[in-house]
Amino acid sequence: MSNDNDASWKDKEPVAGLSAASSCIRLSICLDDDGKPPPSRQFSPVYTHQCFPDEFISGWRPMSSAEQLSQQVYQRWRYGSVGEASASTIGEKHSSYRKIDGEENQIDANVLLSPACDKCKIEVTTSTSSPVSNINTDEPATKKAKRVTFEEADDGSTQQLSIDEVIKKIQSSLPPIASVTINGSSTATEGAKSDGKFKYLSHPVGVVVKSYRRKIKNDNDTVEEGDFVITLAKGSDPSVASYHNAIQPLARWFIETADDVNISDEDGGFWTVLYLFRKHEDRSSDDGTSTFRYSLAGYITLFHFHAPFRKPKSGIIVRVCQALILPTYQRAGHGSDLLLSVHEYAARYLNDYASTSTGMDIVEVNVEDPAPGFVALRDSVDYKRFVLLLKSMRDTIDKLPDLKYLQKYPVTSKEYFQPAPDGGLSLASLLKITKRQTEVMHEIYKLAAVVKWKHGSKDNAQIQQVETNYRLMIKKSLKSHRTEELGACEGGKEEQKALLAKWFDQTHSHYRKLLLGLV
């Protein structure tokens, strides 16, 4: 259980419904004709700072039920479960709630997304509750916190945001708005359909490169099979650019540093997008035949640029810039499928997609500033590809020096934990990943070998020595890649030593979780 002296929880990534502003906003995908999505397709934002910088809506608090749920979310986020919180901390909430301490006005902004997520409707409901004060948060209550305002008041006091101002702020993170309903009174925006109904896509955006089935969990705990397609779309296509411009603001709710990009811009490179769509059967035709329609489930944006000085071969580098799986479809393996599709695209690029005028191939796939969750996904996908490569090259592994030594030396030798002889260049070229990623693959592979060897060994002294060799290998790698952070330590060698120990524990834990997930 966490305690007041343990601040490690502050390094955790936030979760949906944690902050005061997040608990005031609901999003859902309208897949039913009645336009009333079930709870399984409703979700709250993870990040709201691009709309509300201090994670609260000035002058408003969430509805009572949403606030209670937010408190439970906080308890699970900080302590692991509601039951793990002590009596003194059971009432704690996210620190953003201190900013609305004592507010009576409640607001719920329900965003209804079209199946394609290229349009939305907003339903705002407001209410007044009894004043709520003395909120426990993770900040010390030495004095009443000064509330932050988004508007400059003449007298310097805090002003409540009007409903129109709230809508205007969340609009920057939404697709085009078709209508707004405030406490039951509806107003259609210019160009909105008169019947107010959303439509599915009649065909997916881009060219289908992969199709598969995946289980989908319903509200009543039943499971159904859903059909999905992954498509490849060119950013230079005006219709693709128009669609992407409509949907990409949604990423701000789920990616901390999300920003809009012009995928039609070819200055310095060019863009492609891998979309994930759910495929729905439509039997509403008059002749009784079945057709299909599509709804958005996620996407990955890819920026391509020429790297003339990359070793050992020049070519095109593909950078994964944004990756989003909508919450409804998360934790079902779709992210892995999308990332694998990126590598399959890279492998087939020269034969199937490259311009005949340049003839340049993709030589590397990397990721721009990945969040911890995406690091785990990338490492898992890369490691699976690494293991498959080892199996496929079992008879020809002697030709690859950075793989040969893995079989040449036993786990009990110090040589087993040495860096790859050629610095990982041959492996990086085969997998089209960075040299640093090849090091990560080796480190994970060696940990798996150590764990397997330990199960058959009873020599405690030798086990301890092998574990030491592995730990020293990881620390040496960390030291070489994080020299700037180590150099900034003001406590000298002792602080550096403690920091390396912390990084090792984090790396070891990450690798163990990845291997356990593959069992």
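Residues numbered from 1 in each chain as written. Predicted model: local features only at pLDDT ≥ 70, side-chain atom pairs only at ≥ 80, totals over all residues. Heavy atoms only, no water.

Q: Please provide a residue-by-residue account of the sheet that holds strand β9 (residues 207-217), values included.
A: In a beta sheet, neighbouring strands pair by backbone hydrogen bonds and run either parallel or antiparallel. Here 6 strands make up an open sheet; going across it, the order is β9-β10-β11-β12-β13-β14 and the pairing mixed. The open sheet terminates on both sides in strands that have one partner only, identified here as β9 and β14 (362-367). The sheet shows a mean angle of 30 degrees between the axes of neighbouring strands, direction not considered. Judged from the 8 bridges that link them, strand β10 (residues 223-234) and strand β11 (residues 270-282) form a sheet pairing that is antiparallel. Within the sheet, the bridge partner assigned to A233 lies in β11 and is V273. (Pairing = 2+ DSSP bridges. Helix = DSSP H or I, 4+ residues; strand = E, 2+ residues; numbered from the N terminus. Axes fitted to C-alpha atoms, helices over the stretch in contact; angles between N-to-C directions.)

Q: With reference to specific residues and values, describe the pattern of salt bridges.
A: Throughout the structure, instances matching the rule amount to 20 salt bridges. In this structure, the salt-bridge partner of D118 is K119, at a minimum N-O distance of 3.8 Å. For the salt bridge of E439 with R436, the shortest nitrogen-to-oxygen distance reads 2.9 Å. In this pair, E439 and R436 both sit in helix α8 (residues 435-455), 3 residues apart, roughly one turn of the helix. Residue class for R436 comes out partly exposed when judged on its relative accessible area of 27%. Through salt bridges with shared partners, a single network forms among R61, E67 and K93. (Salt bridge = Lys/Arg side-chain N within 4 Å of Asp/Glu carboxyl O. Buried < 20%, exposed > 50% of the residue type's maximum accessible area, 1.4 Å probe, protein only.)

Q: So what about helix α11 (residues 492-518)? Which residues, and what values?
A: Between its first and last C-alpha, α11 extends 39 Å over 27 residues, near the 39 Å set by a 1.5 Å rise per residue. Residues of α11 that are buried include every one of L500, W503, F504, T507, Y511, L514 and L515, and no others. Elements in contact with the buried residues of α11: α5 (372-392), α8, α9 (460-481) and α10 (483-487). (Expected span 1.5 Å × (residues − 1). Contact = heavy atoms within 4.5 Å.)

Q: Outline the pairing of strand β7 (residues 177-182), listing residues and values.
A: Within β7, 5 of the 6 residues are buried, which leaves the element mostly enclosed by the surrounding structure. Of the strand pairs in this sheet, strand β5 (residues 120-128) and β7 are connected by 5 bridges, and their pairing is parallel. Paired with K121 across the two strands is S179, which belongs to β7. Where β7 meets strand β8 (residues 185-188), 4 bridges bridge the pair, whose relative direction is antiparallel. For I182, the partnering residue across the bridge sits in β8 and is S185. Taking the residues between adjacent antiparallel strands as the criterion, β7 and β8 are bridged by 2 residues, where N183 takes a positive phi near 50 degrees.

Q: Provide a residue-level description of helix α6 (residues 401-408), including the pertinent values.
A: Considered for burial, the residues of α6 that qualify are D402, L403, Y405 and L406. Along α6, the residues classed as buried sweep out an arc of 155 degrees about the axis, all on the same side. Exposed and facing more than 90 degrees away from the buried side of α6 are Q407 and K408. On its buried face, α6 sits against α5, α7 (425-431) and α8. (Arc of directions from axis to C-beta.)

Q: Tell me about the sheet that holds strand β4 (residues 105-113), and please be specific about residues and values.
A: With mixed pairing, the 6 strands of this open sheet are ordered in space as β2-β1-β4-β5-β7-β8. This sheet does not close on itself; its edge strands, each paired only once, are β2 (42-43) and β8. Sheet topology places β4 next to β5; 9 bridges connect them, and they run antiparallel. From the neighbouring strand, Q106 faces β5, where its bridge partner is S127.

Q: Which residues make up the packing of helix α4 (residues 334-353) against α5, and what values go with them?
A: As a packed pair, α4 and α5 sit with axes 10 Å apart at the nearest point and diverge in direction by 55 degrees. It follows from the interaxial angle that α4 and α5 lie oblique. In this structure, α4 crosses over α5, and the sense of that crossing is right-handed. Listed contacts from α5 to G335, S336, L339, L340 and H343 of α4 are F374, L377, R378, V381, D382 and R385. (Parallel < 35°, antiparallel > 145°, perpendicular 65-115°, else oblique. Left-handed = near helix turned anticlockwise from the far one by under 90°.)

Q: Which residues make up the side chain of H442, and what values go with them?
A: Turning to its location among the elements, H442 is positioned in helix α8. By relative accessible area, which is 5% here, H442 ends up buried. With residues up to four places along the chain from it excluded, the contact list for H442 reads D402, L403, Y405, L406, A420 and L427.

Q: So what about a negative patch on the surface? Which residues, and what values?
A: Taken together, the side chains of E13, E256, E368 and D369 present a region of like negative charge at the surface. Counting through the fold element by element, E256 comes out in the loop between α3 (238-247) and β11. (Patch = residues over 30% accessible without salt bridge, like charges linked within 9 Å, V, L, I, M, F, W, Y side chains within 5 Å. Areas by Shrake-Rupley, 256 points an atom, 1.4 Å probe, with all protein chains shown as cover. Lys, Arg positive; Asp, Glu negative; His and termini not counted. Charge placed at Lys NZ, Arg CZ, Asp CG, Glu CD.)

Q: Can you break down the pairing of β14 residue by residue, with the values?
A: Within β14, 6 of the 6 residues are buried, leaving the element largely enclosed by the surrounding structure. Across 5 bridges, the pairing between strand β13 (residues 315-325) and β14 is parallel. Its bridge partner lying in β14, I317 is registered against E364.

Q: Quick rundown of the side chain of R78? Include the residues and the values.
A: By the element assignment, R78 lies in helix α1 (residues 64-79). Within the structure, R78 has its side chain in polar contact with the side chain of E92 (distance 3.1 Å). (Polar contact = N/O pair within 3.5 Å; in protein donor to acceptor, adjacent residues only side chain to side chain.)

Read these as spatial facts, not as claims about activity.
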